[in-house]
Amino acid sequence: MLDISGLCVSYGESRIINDLNMRIGENEIVAIVGRNGMGKTTLMKSLVGMHPSSAGSIRLDERDLAPLQSYQRVRAGIGFVPQGRMIFSTMTVRENIETGLSASGEKRIPEHLYELFPVLKDMRSRRGGNLSGGQQQQLAIARALAGRPKVLLLDEPTEGIQPSIIHELARTLRRIRDEHGLSIIVSEQVLSFVLDVADRVLVMEKGVLVHEAERAAIDEQVIAGFLSV
Amino acid sequence: MFADYSAAELTSIFAMQGFAGLSLFSVFVLMALGLAIIFGQMGVINMAHGEFMILGAYVTWLTSGFFSSHLPGLFAAYFPVAILLAFLASALLGGAVEWLLIRHLYKRPLDTLLATWGLSLILQQAYRSIFGAREVGVRMPDWMMGSYAITDMIEVPINGLFVMGISLLTALGVYLLMYRSTWGRKVRAVVQNRPMAGAVGINTQQVDRVTFALGCGIAGIAGSAFTMIGSTGPTAGQLYIVDTFLVVVFGGAQSLLGTIASAFTISQAQSTMEFFLSGSMAKVYTLLVVVGILMVRPQGLFASRIRH
């Protein structure tokens, strides 16, 4: 499915991600955990093309995305929900979702997105900037799904969201995976959410993956150890 | 300064000067629209915007010349054709300039200021070489000359009304394009957050090129309107660029309605005061008021309120 090999990403002289290799299978939910500044966001941005990679390949179904620009990667099947959500705040909820249609070339918002997030249908004429944090998060996910991605990337989706909604978010992500048959990569710091949602956990430290565990074999203590300062 | 006039005279003066200001208003609206679209979209301040307008004016002049020598029977109908050609010529030049020059400088916004200023000098010299240094005047078809007499003292110039109609139609067209079309949705997404727009699948470079061309094309329409109020010369565009910046800033960048309101206020204030004062004093007072208002409301007349 998604096959990343030898990926290097730098900001100027400082190399943030060094020779990273990982593979995500069909219908798999992978969580990348790590403390702040360990390279999670940089990895996400480089996968979607918002930040260029200096070496390595990102293969999605055998097609190398590394030389492509953001919009081409999205059209090839990447969906991105960034940290801080970055919805278009002066545009209405409906228009926000419609921007995502640029990738799929469809004209109308698929009805199942509203089924997934009924609150967005009620608020479709409101401006995105006037939604609450949790609603904005749903909007950002709906916008990414409108492009019918094969791989959905979410960068710290629980940031700034109440604990009760975090649990629901995990359920929603699993539902999206089951209904749409896509793979999900989520970067996180909230351990309970990770245990809720992930099939596999990767721990990132200083731009390198240092630990990997399948769902059945996740040792909470070990991962909590990596996350504590 | 009003003491020398009777109340009836004053009413007529204000009305007449108000209508006389309509052509100026039209030029301001069109110029500011183009400038605001380009600035909002890519943060480029197009110093050559006045020259794109003058290109439109020259195209209008050429079209009127062509019609009067080759199609004299259709001379009455040349103006709409001229507007269309002016739009196309300026838009094509704009698209080419974006491709050759501007797109290489998006990461260096200050350099685009210099580059477009240089472009304006190049274009001015090109006009001088091609069309000559002397100003040219466009002959209007008979139906656009003259004026309606509303009362004994108030007359409304027909060409002013016509040009205003065109600019309001253009503004309406831009509004529909920006707020009701797929393309406009993409533009607004890029304006809000360029990297994110790319990450939802929008080809931002293509949007940039079309937007720049559209902004320049609207300046071309402004050039057609301009032939009604001034004579076309190589450097005539420069006189309008500062006023246009003023209109954009005063109206609140990114607000279509604000741009129109601000163009109306400034052109009417200028036109009315010019009757009583000299042209430059009228400008001084207009500037003072605009600066004063901007100190109180730096975001301009109209700014949208949302939570960020």
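That block above? That's the structure.
About the criteria used
- Residues numbered from 1 in each chain as written.
- Chains lettered and ligands numbered in written order.
- Predicted model: local features only at pLDDT ≥ 70, side-chain atom pairs only at ≥ 80, totals over all residues.
- Heavy atoms only, no water.
- Helix = DSSP H or I, 4+ residues; strand = E, 2+ residues; numbered from the N terminus.
- Rg over C-alpha atoms; globule rule 2.2 N^0.38 Å.
- Buried < 20%, exposed > 50% of the residue type's maximum accessible area, 1.4 Å probe, protein only.
- Areas by Shrake-Rupley, 256 points an atom, 1.4 Å probe, with all protein chains shown as cover.
- Contact = heavy atoms within 4.5 Å.
- Salt bridge = Lys/Arg side-chain N within 4 Å of Asp/Glu carboxyl O.
- Polar contact = N/O pair within 3.5 Å; in protein donor to acceptor, adjacent residues only side chain to side chain.
- Nonpolar A, V, L, I, M, F, W, Y, C, P; charged D, E, K, R; others polar.
- Pairing = 2+ DSSP bridges.
- Phe/Tyr/Trp six-rings, centres within 6.5 Å; stacked < 30°, edge-to-face > 60°.
- Lys NZ or Arg CZ within 6 Å of the ring centre and 35° of its normal.
- Expected span 1.5 Å × (residues − 1).
- 1 Å grid on protein atoms, 1.4 Å probe; cavity = no way out; pocket = protein on both sides within 12 Å on 5 of 7 lines; lining within 4 Å.
- Points joined across faces, edges and corners; volume = space filled by probe spheres on them.
- Axes fitted to C-alpha atoms, helices over the stretch in contact; angles between N-to-C directions.
- Parallel < 35°, antiparallel > 145°, perpendicular 65-115°, else oblique.
- Left-handed = near helix turned anticlockwise from the far one by under 90°.
- Patch = residues over 30% accessible without salt bridge, like charges linked within 9 Å, V, L, I, M, F, W, Y side chains within 5 Å.
- Core = buried A, V, L, I, M, F, W, Y, C linked by side-chain atoms within 4.5 Å.

**Describing the overall build of chain B**
Logical step 1: Assigned secondary structure in chain B consists of 11 helices and 2 strands.
Logical step 2: Taken from the N to the C terminus, the helices and strands of chain B come in the order α-α-α-α-β-β-α-α-α-α-α-α-α.
Logical step 3: For 308 residues, the compact-globule formula gives about 19 Å, and the C-alpha radius of gyration of chain B, at 20 Å, lands near that figure.
Logical step 4: Taking the principal axes of the C-alpha coordinates as reference, chain B spans close to 65 × 55 × 35 Å.
Logical step 5: Scored against the burial criterion, the 308 residues of chain B give a buried share of 51%.
Logical step 6: Looking at chain B as shown, the accessible area adds up to about 14,200 Å², and 68% of this sits on carbon and sulfur atoms.

**As for the interface of chain B and chain A**
Logical step 1: Contacts between the two partners involve 21 residues from chain B, matched on the other side by 27 residues from chain A.
Logical step 2: The tally of links between chain B and chain A comes to 2 salt bridges.
Logical step 3: For Glu98(A), the salt bridge is made with Arg185(B), and the minimal N-O distance between the two is 3.1 Å.
Logical step 4: In this assembly, chain B and chain A are joined by 7 residue pairs in polar contact (both at pLDDT 80 or more).
Logical step 5: Elements supplying a minimum of two residues to the side of chain B that touches chain A: α6 (182–192) and α7 (194–199) of chain B.
Logical step 6: A per-class count over the side of chain B that touches chain A returns 9 nonpolar, 8 polar and 4 charged.

**A few points about the side chain of Ser23(B)**
Residues and elements named next belong to chain B.
Logical step 1: As for its placement among the helices and strands, Ser23 is situated in helix α1 (residues 7–42).
Logical step 2: Overall, Ser23 belongs to the buried group, its relative accessible area being 5%.
Logical step 3: Filtering out sequence-adjacent residues up to four positions away, Ser23 remains in contact with Asn159, Gly160 and Ile229.

**Some remarks on the sheet that holds strand β2 (residues 14–24) of chain A**
Strand pairing in a sheet is mediated by backbone hydrogen bonds. Such pairs are either parallel or antiparallel.
Residue and element names in this part refer to chain A.
Logical step 1: Across the sheet, 4 strands lie side by side as β2-β1-β4-β5; this open sheet has antiparallel pairing. Across the chains shown, the open sheet's two edge strands, defined by having one partner strand only, are β2 and β5 (63–64).
Logical step 2: Sheet analysis places strand β1 (residues 2–11) next to β2, joined by 7 bridges and oriented antiparallel. When the sheet's bridge partners are listed, Asp3 is paired in β2 with Arg23.

**Here we look at the packing of aromatic side chains**
Logical step 1: Applying the stated criterion to the full structure yields 18 aromatic pairs over all chains.
Logical step 2: An aromatic cluster of at least three residues, connected via ring pairs, comprises Phe66(B), Phe67(B), Phe75(B), Tyr78(B), Phe79(B), Trp143(B) and Phe162(B).
Logical step 3: The ring of Phe88(A) has Arg143(A) lying over it, and the distance from NZ or CZ to the ring centre is 5.0 Å.
Logical step 4: The ring of Phe75(B) carries Arg139(B) above its face, with NZ or CZ at 4.6 Å from the centroid.

**Let's talk about helix α5 (residues 158–180) of chain B**
Logical step 1: With 23 residues, α5(B) extends 32 Å from end C-alpha to end C-alpha; this agrees with the ideal 33 Å at 1.5 Å per step.
Logical step 2: Every buried residue belonging to α5(B) is among Ile158(B), Asn159(B), Gly160(B), Val163(B), Met164(B), Ile166(B), Ser167(B), Thr170(B), Ala171(B), Val174(B) and Met178(B), and all of these are buried.

**Structural notes on the pairing of β1(A)**
Residue and element names in this part refer to chain A.
Logical step 1: Two successive antiparallel strands, β1 and β2, enclose a turn made up of 2 residues, where Gly12 displays a positive phi of approximately 60°.
Logical step 2: Bridge count for β1 against strand β4 (residues 55–60) is 5 bridges, and the pairing is antiparallel. Across the sheet, Ile4 pairs through a bridge with Ile58, a residue of β4.

**A short note on empty space enclosed by the protein**
Logical step 1: Using the criterion set out here, one finds 1 cavity of 30 Å³ or more in the structure.
Logical step 2: Lining the largest cavity are Val74(A), Ile78(A), Gly79(A), Phe80(A), Gly100(A), Ala103(A), Arg143(A), Ala144(A), Gly147(A), Pro149(A), Ala199(B) and Val200(B).
Logical step 3: Every element with two or more residues in the lining of the largest cavity is listed here: β6 (78–81), α3 (93–104) and α6 (133–145) of chain A.
Logical step 4: By residue number, the principal contributor to the lining of the largest cavity is β6(A), which donates 3 residues.
Logical step 5: Within the lining of the largest cavity, the residues separate by chemical class into 8 nonpolar, 3 polar and 1 charged.

**Quick word on the sheet that holds strand β7 (residues 151–155) of chain A**
All names here are of chain A.
Logical step 1: With mixed pairing, 6 strands are arranged side by side in an open sheet as β6-β7-β8-β3-β9-β10. Across the chains shown, the open sheet's two edge strands, defined by having one partner strand only, are β6 and β10 (208–214). Neighbour-to-neighbour, the strand axes of the sheet open up by a mean angle of 20°, direction not taken into account.
Logical step 2: As judged from the 5 bridges shared by β7 and strand β8 (residues 183–188), these two strands associate in the parallel manner. Looking at β8, one finds that Leu154 is bridged to Val186.

**A short note on the packing of α1(B) against helix α8 (residues 204–226) of chain B**
Residues and elements named next belong to chain B.
Logical step 1: Relative to each other, α1 and α8 sit at 170°, their axes nearing to 8 Å. As far as their axial angle goes, α8 and α1 are roughly antiparallel. Viewed along their axes, α1 and α8 form a crossing whose handedness is left-handed.
Logical step 2: Residue composition of the contact of α1 with α8, grouped by class: 17 nonpolar, 4 polar and 1 charged.

**Things to note about a nonpolar patch on the surface**
Residue and element names in this part refer to chain B.
Logical step 1: A grouping of Leu169, Leu172, Tyr175, Leu176 and Tyr179 is seen on the molecular surface, where their side chains present a nonpolar patch of about 470 Å² in accessible area.
Logical step 2: By the secondary structure assignment, Tyr175 is in helix α5.
Logical step 3: Residue class for Tyr175 comes out partly exposed when judged on its relative accessible area of 32%.

**Things to note about the layout of surface pockets**
Logical step 1: Roughly 830 Å³ of volume is contained in the second largest pocket.
Logical step 2: Taken together, 28 residues form the lining of the second largest pocket, with Gln69(A), Lys107(B), Arg194(B), Thr204(B) and Gln205(B) sitting closest to its centre.
Logical step 3: Going through the elements one at a time, α2 (70–76) of chain A together with α7 and α8 of chain B are the ones with two or more residues in the lining of the second largest pocket.
Logical step 4: The biggest single contributor to the lining of the second largest pocket is α8(B), with 4 residues.
Logical step 5: Grouping the amino acids of the lining of the second largest pocket by side-chain chemistry returns 10 nonpolar, 10 polar and 8 charged.

**Quick look at the nonpolar core**
Logical step 1: Among the nonpolar cores identified, the biggest contains 106 residues, and Met22(A), Leu43(A), Leu153(A) and Ile185(A) are the most heavily contacted of them.
Logical step 2: Per element, the largest residue contribution to this core is 15 residues, and it comes from α1(B).
Logical step 3: When sequence neighbours within four positions are dropped, the list of residues in contact with Leu153(A) reads Met44(A), Leu47(A), Val48(A), Ile78(A), Gly79(A), Phe80(A), Val81(A) and Ile185(A).
Logical step 4: With 45 residues, the next largest nonpolar core counts Ala142(A), Ala144(A), Ile166(A) and Ile218(A) among its residues.

Read these as geometric descriptors, not functional statements.
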